[in-house]
Amino acid sequence: MFKGFYNLTSAMLTHQHNLNVIGNNMVNISTAGYKQERYTASTFDDVMYSRVDVNHSSGTEIGRQSYIRAASQIYTDYSQGIPEPTDLPLDFAIVGDGFFAVQDQEGEVAYTRMGNFSLDDRGYLCLPGFGQVLNPQGQPIYLGTDKIRGDGRGVIYYNQEDGESVAIGQLGVYSFEDNEALVRNDRGLFTGEGAQQSQDYEIWNKYLERSNSDMVKQMTEMITYQRALQSAAQVSKMYDQLMAKATGDVGRFA
C-alpha cells in the first residue's frame, strides 16, 4: 500500500547523490588535472545478490520488484584534459597515459595529473600543499632553481648563463594496469598499488592540463537532477496526503 514512499524516497536520495557529485565536479572545474566523477546506482536487491553467494537465476521469478535503489559506485573519468599554456617554467602537463608521483612528509606516495609545481624551501620540486615530486626511481627531484626547461620525456635541464643546458633531473610518470582500481583520497590525489613506469606519454613544459569536466554539461545535469528531486519531493507530499485521506475514510466507514 505504501510502496510509493519507497520509490519516491529512493529517487530523492539518488538525485541528491548525483547533485553532490556534480557539485564537486563544478567546484574543481579550474583545478589543474582534475578528473570528473559520475555517480551510478543499482537496485537494492541486485546489490544484495552481488554480495552474497546466491544463485537467484535458478528457478522462475514471479513479480520480482525492488522498491529502492542503492549506491553502486562513483566512477572517475580519466580522459585527457586540454593542455593550456601558462608560460611558467615549473608547470608541466602529461599528454597521454600516466600520473605524477608525489610523496608527503609521512612518506606516503599519491598520484596526480596536477602539474603546477613549485620549489620548496630546500630547492626540491614540489606540489604545494601536497609534497615532493618523485623521479622515475621514486626519489625527490632537487633543482635549486627555476631557470629550467623540460623535454617531452620529462627530463629537466638547467639553463646556464653561457647558453648550455645541463640535465639535472627527470619527472617520473607512473601508470597502472587498471585505473579503476585507484582510490581518490580526501586531498584529491589518487592512491593505489602496482605503479609502473608509463611508456605512452609526452610531457609539455610550461603547460597545465585543464580539468576534463565540462561546465555547460555539468550545469545542464545539475538542473535536470534538481528538477527531478523537486518533482519527487512534491509527489511524495501529495502521496502522503492521499494516504492520510484514504486511511481516514476507511476508518470512518469501518
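Right, let's talk about the overall build of the protein chain for a bit. In terms of helices and strands, the protein chain carries three helices and 18 strands. A burial count over the protein chain gives 34% of its 254 residues as buried. Summed over its atoms, the accessible surface of the protein chain is roughly 15100 Å², and 51% of this surface lies on carbon and sulfur atoms.

Attention now moves to the pairing of strand β11 (residues 155-159). Two elements, strand β10 (residues 148-150) and β11, share three bridges in a ladder whose sense is antiparallel. Bridge pairing in β11 places glycine 150 opposite isoleucine 156. Linking β10 back to β11 in an antiparallel pair, the connection comprises four residues, with glycine 154 at a positive phi of about 85 degrees. Relative to strand β12 (residues 165-170), β11 is paired through five bridges, and the arrangement is antiparallel.

What the three strands build is an open sheet, ordered β10-β11-β12; its pairing is antiparallel. Every interior strand has two partners, whereas the edge strands, β10 and β12, have only one. Looking at each pair of strands side by side, their axes are set apart by 35 degrees on average, direction ignored.

What follows deals with the environment of threonine 76. For threonine 76, the position within the fold is in strand β2 (residues 69-76). Residue threonine 76 is classed as buried on the basis of its relative accessible area of 13%. Residues threonine 76 and arginine 38 lie 38 residues apart in sequence; the distance between their C-alpha atoms is 6.4 Å.

Further remarks concern the pattern of salt bridges. For the coordinates displayed, the defined rule picks out four salt bridges. For the salt bridge of arginine 38 with glutamate 221, the shortest nitrogen-to-oxygen distance reads 3.2 Å. Here arginine 38, found in strand β1 (residues 37-43), pairs with glutamate 221, found in helix α3 (residues 215-253); they are 183 residues apart in sequence, far enough to count as distant. Arginine 38 gets classed as partly exposed once you look at its relative accessible area, which sits at 37%. A relative accessible area of 16% means that glutamate 221 is categorised as buried.

On to the packing of aromatic side chains, then. This model, assessed by the stated rule, comprises ten aromatic pairs. Arranged with centres 5.5 Å apart and planes meeting at 50 degrees, the rings of tyrosine 78 and phenylalanine 190 form a pair that is tilted. Placement of the pair is tyrosine 78 in the loop between β2 and β3 (83-85) and phenylalanine 190 in strand β15 (residues 190-191), with a sequence separation of 112 residues. For the pair formed by tyrosine 78 and phenylalanine 190, the shared burial category is buried. Ring-pair connections join several aromatic residues into one group, and the members of that group are Tyr78, Phe99, Tyr111, Tyr174, Phe176 and Phe190. The ring centre of tyrosine 157 lies 4.4 Å from the NZ or CZ of arginine 149, which sits over that ring. The ring of tyrosine 201 has arginine 153 sitting right over it, with the charged end atom 3.9 Å from the ring centre.

To continue, consider the layout of surface pockets. Unoccupied space between atoms shows up once a probe the size of one water molecule is rolled over them. Considering only enclosed or pocket space, the largest pocket measures out at about 200 Å³ in volume. As for the largest pocket, its lining consists of 15 residues, and the residues nearest its centre are Gln105, Asp120, Cys126, Gly131 and Gln132. Residue assignment for the lining of the largest pocket shows that the elements contributing at least two residues are β8 (125-127) and β9 (131-133). Residues belonging to the lining of the largest pocket are distributed by class as follows: four nonpolar, five polar and six charged.

Here we take up the nonpolar core. The biggest cluster of nonpolar side chains holds 20 residues, and the ones touching the most others in it are Phe92, Phe100, Phe117, Leu125, Ile156, Leu171 and Ile203. Those elements that provide at least two residues to this core are β4 (92-96), β5 (99-103), β8 and β17 (201-205). In contact with phenylalanine 92, not counting residues within four places along its chain, are Phe100, Gly115, Phe117, Ile148, Gly150, Ile156, Leu171, Ile203, Trp204, Asn205, Tyr207 and Leu208. Within the second largest apolar cluster, nine residues are counted, among which are Phe99, Ala101, Phe176 and Phe190.

On to the environment of proline 83. Summarising the element assignment, proline 83 is placed in strand β3. For the pair formed by proline 83 and glycine 33, sequence separation is 50 residues and the distance between their alpha carbons is 9.3 Å. Among residues more than four places away in sequence, those in contact with proline 83 are Val95, Trp204, Tyr207, Leu208 and Glu209.

Definitions and cut-offs
Residues numbered from 1 in each chain as written. Predicted model: local features only at pLDDT ≥ 70, side-chain atom pairs only at ≥ 80, totals over all residues. Heavy atoms only, no water. Helix = DSSP H or I, 4+ residues; strand = E, 2+ residues; numbered from the N terminus. Buried < 20%, exposed > 50% of the residue type's maximum accessible area, 1.4 Å probe, protein only. Areas by Shrake-Rupley, 256 points an atom, 1.4 Å probe, with all protein chains shown as cover. Pairing = 2+ DSSP bridges. Axes fitted to C-alpha atoms, helices over the stretch in contact; angles between N-to-C directions. Salt bridge = Lys/Arg side-chain N within 4 Å of Asp/Glu carboxyl O. Phe/Tyr/Trp six-rings, centres within 6.5 Å; stacked < 30°, edge-to-face > 60°. Lys NZ or Arg CZ within 6 Å of the ring centre and 35° of its normal. 1 Å grid on protein atoms, 1.4 Å probe; cavity = no way out; pocket = protein on both sides within 12 Å on 5 of 7 lines; lining within 4 Å. Points joined across faces, edges and corners; volume = space filled by probe spheres on them. Nonpolar A, V, L, I, M, F, W, Y, C, P; charged D, E, K, R; others polar. Core = buried A, V, L, I, M, F, W, Y, C linked by side-chain atoms within 4.5 Å. Contact = heavy atoms within 4.5 Å.

In short, geometric facts, not functional conclusions.
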